[in-house]
Amino acid sequence: MDTAHMKLAGAAADRDRWEARDCSIDGALKIVGTRSAMLLMREAHYGTTRFEDFVRRVGITEAVAAARLRELVTAGLLARRAYKNPGERTRHEYVLTEAGGELQLVLMAFIQWGDRHLPRRGGPPLDFRHTGCEEPIAVRLSCAAGHDVEPGAITVRGTWGRPTPATEKATGKAAGKATAEAAADVTADVTAAVAAEGAGKDVSPAG
């Protein structure tokens, strides 16, 4: 029985009335959707930085490695850093950026899934442990309240129609302008009342 799919709610409930445009999955796959890109990022997380080491450890050609590394740098997952060995020309190595470092969660999820569903004789080849306490690493979904979220326990709602940052900024400016105008009106009324009081006129509220 299919119980793992997500629950669509609200405007997203009618799947025939909307398309998954501007999809984050699609956007991410455009960057790391090839086997070579993911394995290059794997190696970057294992500490590889030199071009020739990427080529050798991933098992791809120099041309493919150069193209993929260039794409990963352009996407902001890796950064080029100059280095120079004694007697050699200056070269560049590749280091993880903040965005590239955050991909570690995705890599660990792939590893966990593969360890569980791609059985091997003798078990998984690598053992991942938390450096702080030496306990095994586990990747799991959780909500903001700290609850573990099982497959099928996710509700999806559309965000279209919500104010965008630009809209909220414009709305904020409009609200600020209205507040300033209201404050100016109050200041003018007080000034007029003070002037009237000085002239001996009745300044009690109307009503």
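Quantities reported herein were computed from a predicted structural model and do not represent experimental measurements.

Moving on: helix 2 (residues 35–45). By the criterion of burial, helix 2 is predominantly enclosed, with nine of the eleven residues buried. Ser 36, Ala 37, Met 38, Leu 39, Leu 40, Met 41, Glu 43, Ala 44 and His 45 are the residues of helix 2 that are buried. Backbone geometry just after helix 2 places Gly 47 at a positive phi near 105 degrees.

The next subject is the packing of helix 2 against helix 6 (residues 104–117). Packing of helix 2 against helix 6 brings their axes to within 11 Å, and their N-to-C directions diverge by 105 degrees. If you check the angle between helix 2 and helix 6, you find them roughly perpendicular. Contacts between helix 2 and helix 6 involve Met 38, Met 41, Arg 42 and His 45 on the former and, on the latter, Gln 104, Leu 107 and Phe 110. Class assignment of the residues belonging to the contact of helix 2 with helix 6 gives a composition of four nonpolar, two polar and one charged.

Another point: the pattern of salt bridges. Taken as a whole and assessed by the stated rule, the structure comprises ten salt bridges. Here Lys 30 and Asp 26 are joined by a salt bridge, their closest N and O atoms 3.7 Å apart. Of this pair, Lys 30 and Asp 26 are both found in helix 1 (residues 24–32), four residues apart, which corresponds to roughly one turn of the helix. Across the pair Arg 81 and Glu 93 runs a salt bridge whose closest N-O atoms are separated by 2.7 Å. Of this pair, Arg 81 sits in strand 2 (residues 78–83) while Glu 93 sits in strand 3 (residues 91–96), placing them twelve residues apart in sequence. Exposure remark for Arg 81: the relative accessible area of 43% places this residue in the partly exposed category. Residue Glu 93 is classed as buried on the basis of its relative accessible area of 9%. One continuous salt-bridge network, built from bridges that share partners, spans Arg 50, Arg 81 and Glu 93.

Quick notes on the rules
Residues numbered from 1 in each chain as written. Predicted model: local features only at pLDDT ≥ 70, side-chain atom pairs only at ≥ 80, totals over all residues. Heavy atoms only, no water. Buried < 20%, exposed > 50% of the residue type's maximum accessible area, 1.4 Å probe, protein only. Helix = DSSP H or I, 4+ residues; strand = E, 2+ residues; numbered from the N terminus. Axes fitted to C-alpha atoms, helices over the stretch in contact; angles between N-to-C directions. Parallel < 35°, antiparallel > 145°, perpendicular 65-115°, else oblique. Contact = heavy atoms within 4.5 Å. Nonpolar A, V, L, I, M, F, W, Y, C, P; charged D, E, K, R; others polar. Salt bridge = Lys/Arg side-chain N within 4 Å of Asp/Glu carboxyl O.

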